[in-house]
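# Structural features, examined
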Amino acid sequence: MGLDASSLRTAIIASSEAVSGIYCLKELLNAGLIDSTKCDPEVEAPNKQVVRPLIRFWVYLSLADTIHAFYLQGWDAVIHHLVQFATTLSVHATGKFERPWIAMIAQQVIAPCFALGKLGRHFKLPSLQKISGLLVLVCIAVLRTPLNIRFAYIGFRVYLRKYLLKYGTHHRMTLLTLLNSCAPLALLFVDWFLWVPWAIKMVNKRKNRLIMTSST
């Protein structure tokens, strides 16, 4: 059985998101951006000659994914892609928050995990769906949750406080900090209340029983 249009799209998008995620994860680790002193929203990204074209690419990719999610996918995908689009557009438009943005895209290494689940259903391979669920759980627990908690904390505790004192409540940097600090919280909600239950169902399903994949 060959790939249909939906499965082919999933494979292509998941591949591009995985490549972006791996690159950003490498930059995240190499530049030490997990340190609050090194992820200043007003400091340019490391390797900006690569990161800035990547940001432009993600504006269009996340917009296309958001539109697709509204019409053909579930609310987990809508929330996830809308958060990505809003934050990426703000970074592209202002040139700020490039470093925190890298941490968000680094989490997209989860994309191939979901793609495996969809391909497992398409090719009627329940074992592939089980592997997909396990990989999603590992990615959420080991990578996405620590990053989102850390960057939400840095955003609210360090930079939102800084810009409130420096600029007041209605300044652009204050509002952008609020947006980029709430984004990790939205992703945490999607992960733990929507994707983790789906992944557990994948892992615990009975042998030879196929389950509808996540809507991402």
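Everything discussed here concerns the structure shown above.
This text gives an overview of the structure that appears in the document. (Residues numbered from 1 in each chain as written. Predicted model: local features only at pLDDT ≥ 70, side-chain atom pairs only at ≥ 80, totals over all residues. Heavy atoms only, no water.)

### Some words on a nonpolar patch on the surface
The criterion, for reference: The patch calculation keeps residues exceeding 30% relative accessible area without a salt bridge and links them within 9 Å when they carry like charges or within 5 Å when they are nonpolar (Val, Leu, Ile, Met, Phe, Trp, Tyr). Areas reported as accessible are Shrake-Rupley estimates using a 1.4 Å probe. Residue values count occlusion only from the protein chains shown. For this analysis, a salt bridge means a side-chain nitrogen from Lys or Arg found within 4 Å of a carboxyl oxygen belonging to Asp or Glu. Here a helix means four or more residues in a row that DSSP labels H or I, a strand means two or more in a row labelled E, and each is numbered from the N terminus. Three labels apply to residues, based on accessible area from a 1.4 Å probe with only protein chains included: buried if under 20% of the type maximum, exposed if over 50%, partly exposed otherwise in between.
Nonpolar side chains collect at one region of the surface, where L63, I67, F70, Y71, L72, W75 and L82 lie side by side and expose about 840 Å² of accessible area between them. Residue assignment for the nonpolar patch shows that the elements contributing at least two residues are α2 (48–72) and α3 (75–94). Looking at the nonpolar patch, the element that brings in the most residues is α2, giving five residues. For L82, the position within the fold is in helix α3. You can call L82 partly exposed: its relative accessible area is 38%.

### Here we look at helix α4 (residues 98–106)
Burial of α4 is extensive: nine of the nine residues sit out of reach of the surface. Every buried residue of α4 is listed here: E98, R99, P100, W101, I102, A103, M104, I105 and A106.

### Topic: the packing of aromatic side chains
Inclusion rule: Aromatic rings from Phe, Tyr and Trp, taking only the six-membered ring of Trp, are treated as a pair when their centres fall within 6.5 Å; an angle between ring planes under 30 degrees marks them as stacked, one over 60 as edge-to-face, and anything in between as tilted.
What the rule picks out here adds up to six aromatic pairs. Here the aromatic rings of F70 and W75 are separated by 6.5 Å at their centres, their planes lie at 85 degrees, and the arrangement is edge-to-face. W75 sits in the exposed class, given a relative accessible area of 63%. Linked through ring pairs, F114, W195 and W198 together constitute an aromatic cluster.

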